[in-house]
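Coordinate analysis (summary)
Residues per chain are reported as follows:
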Amino acid sequence: MSNTISIRSNDRVFVLTGAGISAESGIPTFRDSDGLWNGYRVEEVATPEAWEDNPERVWKFYSMRRRDAQRCKPNSAHEALAALESQLGERFFLCTQNVDDLHERAGSRNLVHMHGELFSSRCESNCGAAPPYVDKDTYDTADQIPICACGARIRPDIVWFGEYPLAMDRIMREIDRCDLLIVIGTSGNVHPAASFVHWANQRNLPTTQKIRTVYIGPERPLNAAAFTEIILGKAGEVLPGLFVIE
């Protein structure tokens, strides 16, 4: 295990974060071992079919998640990544699988949420009248669900199972030009994010320019063999002081 990660003066850094980094702030992980998510089955609250079947249940679930997230605060791992961005500027790019806003609250700016944002809502029909907008309200009953100007319902701006992740074109461009890829707190079994390290390794680069790929988390991910380095430990304990800018 390395004590530090050196970042050279011309390196471009791509960081992917998963549920593990938010779990250290008290946000429940994506899915428990019993197949439940905060007491709900995923197919009941996180699919287009669930929305069509029972939008009240879906909004009640995401309202609960909004309340939970608002009580949590960024941890030292979020802060370390924000500090790294402040040093690297446009050479730093952050992609998160998480829908909470802890990275932004820590100070990160150059980032995308590939699975959507918890505090954002949009028209279910994508009519254009209500594109994704900041929304911190909670809706616990059917009559509280907002209605778009077009007459359709307003839904959480979340990528559900069966829907395509956001900003994939930009994500792939950033992977294609990074020199260092760092993955933090993911299981390595949720695609397409689990494929990012493989895409990076498949770039046709000279031997002297091979990309460095680092995984950071308390347990080895399923795709551990694809990384050049594995650093085991909680992100909040590992990240502070880990990066050395040359």
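Residues numbered from 1 in each chain as written. Predicted model: local features only at pLDDT ≥ 70, side-chain atom pairs only at ≥ 80, totals over all residues. Heavy atoms only, no water.

Below, the discussion takes up the nonpolar core. Among the nonpolar cores identified, the biggest contains 24 residues, and Ile 184, Ile 216, Leu 239 and Phe 243 are the most heavily contacted of them. Among the elements of the structure, strand 1 (5-7), strand 2 (13-17), helix 5 (76-88), strand 5 (92-96), strand 10 (180-184), strand 11 (212-217) and helix 9 (235-238) are those that each provide at least two residues to this core. The greatest single-element share of this core, amounting to five residues, is contributed by helix 5. Among all residues touching Ile 184, those that are not within four sequence positions of it are Val 15, Leu 16, Thr 17, Gly 18, Ile 21, Leu 81, Ile 216, Ala 235 and Leu 239. The next biggest cluster of nonpolar side chains, apart from the first, holds 22 residues, and it includes Phe 196, Val 197, Ile 211 and Phe 227. (Core = buried A, V, L, I, M, F, W, Y, C linked by side-chain atoms within 4.5 Å. Buried < 20%, exposed > 50% of the residue type's maximum accessible area, 1.4 Å probe, protein only. Helix = DSSP H or I, 4+ residues; strand = E, 2+ residues; numbered from the N terminus. Contact = heavy atoms within 4.5 Å.)

Burial of strand 7 (residues 116-123) is extensive: seven of the eight residues sit out of reach of the surface. Where strand 7 lies against strand 8 (residues 133-134), two bridges are found, and the strand directions are antiparallel. Residue pairing across strands places Ser 120 opposite Val 134, the latter belonging to strand 8. (Pairing = 2+ DSSP bridges.)

With that out of the way, let us pick up the sheet that holds strand 11. Strand-to-strand pairing in sheets goes through backbone hydrogen bonds, with the strands running parallel or antiparallel. Across the sheet, which stays open at both edges, the six strands sit in the order 6-5-2-10-11-12 with parallel pairing between neighbours. Among the strands making up the open sheet, the edge pair consists of strand 6 (111-113) and strand 12 (229-232). Between one strand axis and the next, the sheet turns by 15° as a mean value, whatever way the strands run. Bridge count between strand 10 and strand 11: five bridges; the pairing is parallel. Each bridged residue has a counterpart across the sheet, and for Leu 180 the counterpart in strand 11 is Arg 212. (Axes fitted to C-alpha atoms, helices over the stretch in contact; angles between N-to-C directions.)

Overall, the coordinates contain 14 salt bridges when judged by the stated rule. The partner of Asp 53 in a salt bridge is Arg 57, with the nearest N and O atoms 3.2 Å apart. Of the residues examined, Arg 57 reaches a relative accessible area of 25% and is grouped as partly exposed. One salt bridge connects Arg 122 with Asp 157, and the closest N-O pair in it is separated by 3.5 Å. In this pair, Arg 122 is assigned in strand 7 and Asp 157 in strand 9 (residues 154-158), connecting sequence segments 35 residues apart. The two residues Arg 122 and Asp 157 agree in class, both being buried. In the salt-bridge network here, residues are joined through shared partners; they are Arg 8, Asp 11 and Arg 212. (Salt bridge = Lys/Arg side-chain N within 4 Å of Asp/Glu carboxyl O.)

For the rest of this paragraph, the subject is helix 7 (residues 168-177). Turning to helix 7, its buried residues number three or more, namely Met 168, Ile 171, Glu 174 and Ile 175. Projected down its long axis, helix 7 carries its buried residues within an arc of 125°, all on one side. Pointing more than 90 degrees away from the buried face of helix 7 are the exposed residues Asp 169, Arg 173 and Asp 176. Against strand 2, strand 5, strand 6 and helix 8 (196-201) lie the buried residues of helix 7. (Arc of directions from axis to C-beta.)

The next subject is helix 5. Its 13 residues place the ends of helix 5 18 Å apart at the C-alpha level, agreeing with the 18 Å of an ideal helix rising 1.5 Å per residue. Residues of helix 5 that are buried include every one of Ala 77, His 78, Ala 80, Leu 81, Ala 82, Leu 84, Glu 85 and Leu 88, and no others. Capping the start of helix 5 is the job of one residue whose side-chain oxygen sits 2.8 Å from the backbone nitrogen of Ala 77: Asn 75. At the C-terminal side of helix 5, Gly 89 shows a positive phi close to 65°. (Expected span 1.5 Å × (residues − 1). Polar contact = N/O pair within 3.5 Å; in protein donor to acceptor, adjacent residues only side chain to side chain.)

What the three strands build is an open sheet, ordered 8-7-9; its pairing is antiparallel. The sheet is open, and its two edges are formed by strand 8 and strand 9, each paired on a single side. Two elements, strand 7 and strand 9, share four bridges in a ladder whose sense is antiparallel. Opposite Gly 116, over in strand 9, you have Ile 158 as the bridge partner.

So, about the side chain of Thr 47. When you line up the elements, Thr 47 lands in the loop between helix 2 (42-45) and helix 3 (48-53). A distance of 3.0 Å separates the side chain of Thr 47 from the backbone nitrogen of Ala 50, its partner in a polar contact. Aside from chain neighbours lying at most four places away, what touches Thr 47 is Val 42, Trp 160 and Phe 161.

Limitation: the analysis is restricted to geometry and does not speak to function.
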